[in-house]
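One-letter residues, chain by chain:
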Amino acid sequence: MKNVYNESLRLYFIFAILAFTITSCNEKKAEEPQEEEKSTTEVTLTQSQYKTVGIETGFVEERNLNKIIKANGYTTVPPQNSAEVSTLIGGTVKDIYVLEGTYVTKGKVLATIQNLEVIEMQEDYHSAAANVEYLQLEYNRQKTLSEENVNPRKTFQEVKARLAAEKARAQAAKNKLEALHVSVKGNTSLVPITAPISGYVGKISIAKGAFAQTGTALFEVVDNSQMHLDLNVYEKDLGSISIGQVIDFVLTNQSNKSIKGKIFGINKSFSNESKTVAVHAKIDPADAKDLISGMYVSANINIVNATVPALPKDAVVRNADKYFVFAQEEEHANENSKEKIKEKSTEKEIHFKAIEVIPGTTDLGFTEVKFVDKISPDEKIVIKGAFYLLSAMKGGGEHEH
């Protein structure tokens, strides 16, 4: 019985020791992530790495930067500079005289359509005009007779009414023909389709021999000489926008050339879909000559110059949804760190610390920075090589190698 008791006591002590060991290991593992998390804000380079990467440091400067608001939009022309050409009377397309991209002047015949009703309109006009000529003579004669009391005045009034009716019929026929750009002289079944403005022919929606219907666009003509921008500005930026402000924009798919413009109009209503307000900007005609309506653009609206703390734009790097700069630290006084350095290498190490910032305006190669936590004015900030330090930090830190 005594042996059983001793054996149980021995097993109890063994389990107690194992439980203590496991608990210690778990506590050690729990502490490791905290140490690793702390280390991810620091990077260490050796002197040779520092030179190889080409690290350069500088200080935060007060810079006069141009505050901007970014906006997207597209090129467009005023309503009076764009026309969809249709016909007032249906008919079969006889001839087409232009191609897409052709420049035409106002009144240029783009095509002709054929409709026999036009001949009837001309006949109505000729008939009415002949009646007017006859009734005018009869009117003059009856007027004279009426004044001399030779004929009853009723006869004169009847002739006068018939003359007025025929004049109205002739004028109506003439107006119809003029609206169709058809001469009142001669007999023709052809109706010319003319350009209502000068500009370039866009889409052609008819073909020879097809039937052209009224109310359907046959041609598009666009005058690009008055090209402007429609920019979409969000509500939060609207208070900073005013007429006369200068903008710089680039074509979204051709960002190699910056073009200037000037705001001339601001809409007074929001777009239902994007909840933005359209802002209109003029473009210098010399810069607009190669632009086409409908091109997408990215624009900077220049608001005002302001003196702000700034760093070269390459000093600011992004990690996830936060922005950082790297500050070069003084030599670490920590004894453990010194011991590690002696163990690993006799080469001098340089330490850097990531500091969170909120970037602002970028202009002339500099970016406005607002530090989340206050820093010393003489803090050495990495202005060249920050991206390398970010990569090293995301990889676990160079100080571990």
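Reference entry: report on the structure contained in this document. No experiment lies behind these values; they were computed from the predicted model shown.

Rules used throughout
- Residues numbered from 1 in each chain as written.
- Predicted model: local features only at pLDDT ≥ 70, side-chain atom pairs only at ≥ 80, totals over all residues.
- Heavy atoms only, no water.
- Core = buried A, V, L, I, M, F, W, Y, C linked by side-chain atoms within 4.5 Å.
- Buried < 20%, exposed > 50% of the residue type's maximum accessible area, 1.4 Å probe, protein only.
- Helix = DSSP H or I, 4+ residues; strand = E, 2+ residues; numbered from the N terminus.
- Contact = heavy atoms within 4.5 Å.
- Pairing = 2+ DSSP bridges.
- Patch = residues over 30% accessible without salt bridge, like charges linked within 9 Å, V, L, I, M, F, W, Y side chains within 5 Å.
- Areas by Shrake-Rupley, 256 points an atom, 1.4 Å probe, with all protein chains shown as cover.
- Salt bridge = Lys/Arg side-chain N within 4 Å of Asp/Glu carboxyl O.
- Lys, Arg positive; Asp, Glu negative; His and termini not counted.
- Charge placed at Lys NZ, Arg CZ, Asp CG, Glu CD.
- Expected span 1.5 Å × (residues − 1).
- Axes fitted to C-alpha atoms, helices over the stretch in contact; angles between N-to-C directions.
- Parallel < 35°, antiparallel > 145°, perpendicular 65-115°, else oblique.
- Left-handed = near helix turned anticlockwise from the far one by under 90°.
- Nonpolar A, V, L, I, M, F, W, Y, C, P; charged D, E, K, R; others polar.
- Polar contact = N/O pair within 3.5 Å; in protein donor to acceptor, adjacent residues only side chain to side chain.
- Phe/Tyr/Trp six-rings, centres within 6.5 Å; stacked < 30°, edge-to-face > 60°.
- Lys NZ or Arg CZ within 6 Å of the ring centre and 35° of its normal.
- Arc of directions from axis to C-beta.

**A word on the nonpolar core**
And step 1. Of all hydrophobic cores here, the largest spans 30 residues; its most connected members are Leu110 and Phe219.
And step 2. For this core, the element with the most residues is helix α3 (residues 117-147), which contributes four residues.
And step 3. Dropping the residues within four chain positions of it, Leu110 is found in contact with Val85, Ile96, Tyr97, Val98, Val104, Ile193, Thr194, Ala195, Phe219 and Val221.
And step 4. Core analysis: the second largest hydrophobic core is formed by 22 residues, Ala71, Leu229, Phe249 and Ile283 among them.

**Some details on the sheet that holds strand β6 (residues 103-104)**
And step 1. Sheet architecture is open: four strands sit in the order β4-β11-β9-β6, paired in antiparallel fashion. The open sheet has two edge strands, β4 (82-85) and β6, and neither has a second partner.
And step 2. Strand direction decides the pairing type here: strand β9 (residues 199-204) and strand β11 (residues 219-222), joined by three bridges, are antiparallel. Bridging across to β11, Val201 finds its partner in Val221.

**Quick look at a negative patch on the surface**
And step 1. On the surface, a cluster of negative charge is made up of Glu117, Glu120, Glu123 and Asp124.
And step 2. With respect to the helices and strands, the residue Glu123 is situated in helix α3.

**Quick look at the pattern of salt bridges**
And step 1. This structure, assessed with the given rule, holds six salt bridges.
And step 2. Between Glu61 and Arg63 there is a salt bridge, and its shortest N-O distance comes to 3.3 Å.
And step 3. Judged by relative accessible area, Glu61 falls into the partly exposed class, the value being 33%.
And step 4. Residue Arg63 is classed as partly exposed on the basis of its relative accessible area, which comes to 31%.
And step 5. Salt-bridge contacts for Asp248 lead to Lys260; the nearest nitrogen and oxygen are separated by 2.6 Å. Taken together, the positions of Asp248 in strand β13 (residues 246-251) and Lys260 in strand β14 (residues 254-266) put the pair twelve residues apart, joining distant regions of the chain.
And step 6. Accessibility expressed as a relative area gives 17% for Asp248, which makes it buried.

**Regarding α3**
And step 1. Helix length check: α3, at 31 residues, gives a terminal C-alpha distance of 44 Å against a target of 45 Å (1.5 Å per residue), a fit within 8%.
And step 2. Packed against the buried residues of α3 are α4 (153-179) and β8 (190-194).

**Examining the packing of α3 against α4**
And step 1. The N-to-C vectors of α3 and α4 enclose an angle of 155 degrees; their axes lie 7 Å apart at closest approach. On the basis of their axis angle, the class for α3 and α4 is roughly antiparallel. Judged by the twist between their axes, the crossing of α3 over α4 is left-handed.
And step 2. Broken down by class, the residue content of the contact of α3 with α4 amounts to 14 nonpolar, seven polar and eleven charged.

**Some details on the side chain of Gln122**
And step 1. Along the chain, Gln122 falls in helix α3.
And step 2. A polar atom in the side chain of Gln122 sits 3.1 Å from the backbone oxygen of Ser183.
And step 3. Each residue touching Gln122, except ones within four places of it in the same chain, is listed here: Leu177, Val182, Ser183, Lys185, Gly186, Asn187 and Thr188.

**A few points about the packing of aromatic side chains**
And step 1. If you walk through the whole model with that rule in mind, you get three aromatic pairs.
And step 2. Consider the rings of Tyr103 and Tyr200, whose centres lie 5.1 Å apart with planes at 65 degrees: the pair is edge-to-face. Placement of Tyr103 in strand β6 and of Tyr200 in strand β9 is noted, with a sequence separation of 97 residues between them.
And step 3. Under the relative-accessibility criterion, Tyr103 is labelled partly exposed at 47%.
And step 4. Accessibility expressed as a relative area gives 41% for Tyr200, which makes it partly exposed.
And step 5. Between Tyr139 and Phe156, the aromatic rings sit 5.2 Å apart at their centres with planes inclined by 35 degrees, giving tilted as the arrangement. In this pair, Tyr139 is assigned in helix α3 and Phe156 in helix α4, connecting sequence segments 17 residues apart. Both residues of the pair, Tyr139 and Phe156, count as buried.
And step 6. Positioned above the aromatic ring of Phe366, the side-chain terminus of Arg63 is 3.7 Å from the ring centre.
And step 7. When the ring centre of Phe264 is taken as reference, the NZ or CZ atom of Lys282 above it lies at 5.8 Å.

**Description of helix α8 (residues 386-394)**
And step 1. For α8, the set of buried residues is Ala386, Leu389, Leu390, Ala392 and Met393. Viewed end-on, α8 has its buried residues packed into an arc of 165 degrees, placing them on one side of the element. Exposed residues on α8 whose side chains face more than 90 degrees from its buried face are Phe387 and Lys394.
And step 2. Tucked inside the fold, the buried residues of α8 contact β1 (42-46), β17 (317-319), β18 (322-328), β19 (349-363) and β21 (381-384).

Treat this as a map of the structure, not an account of what it does.
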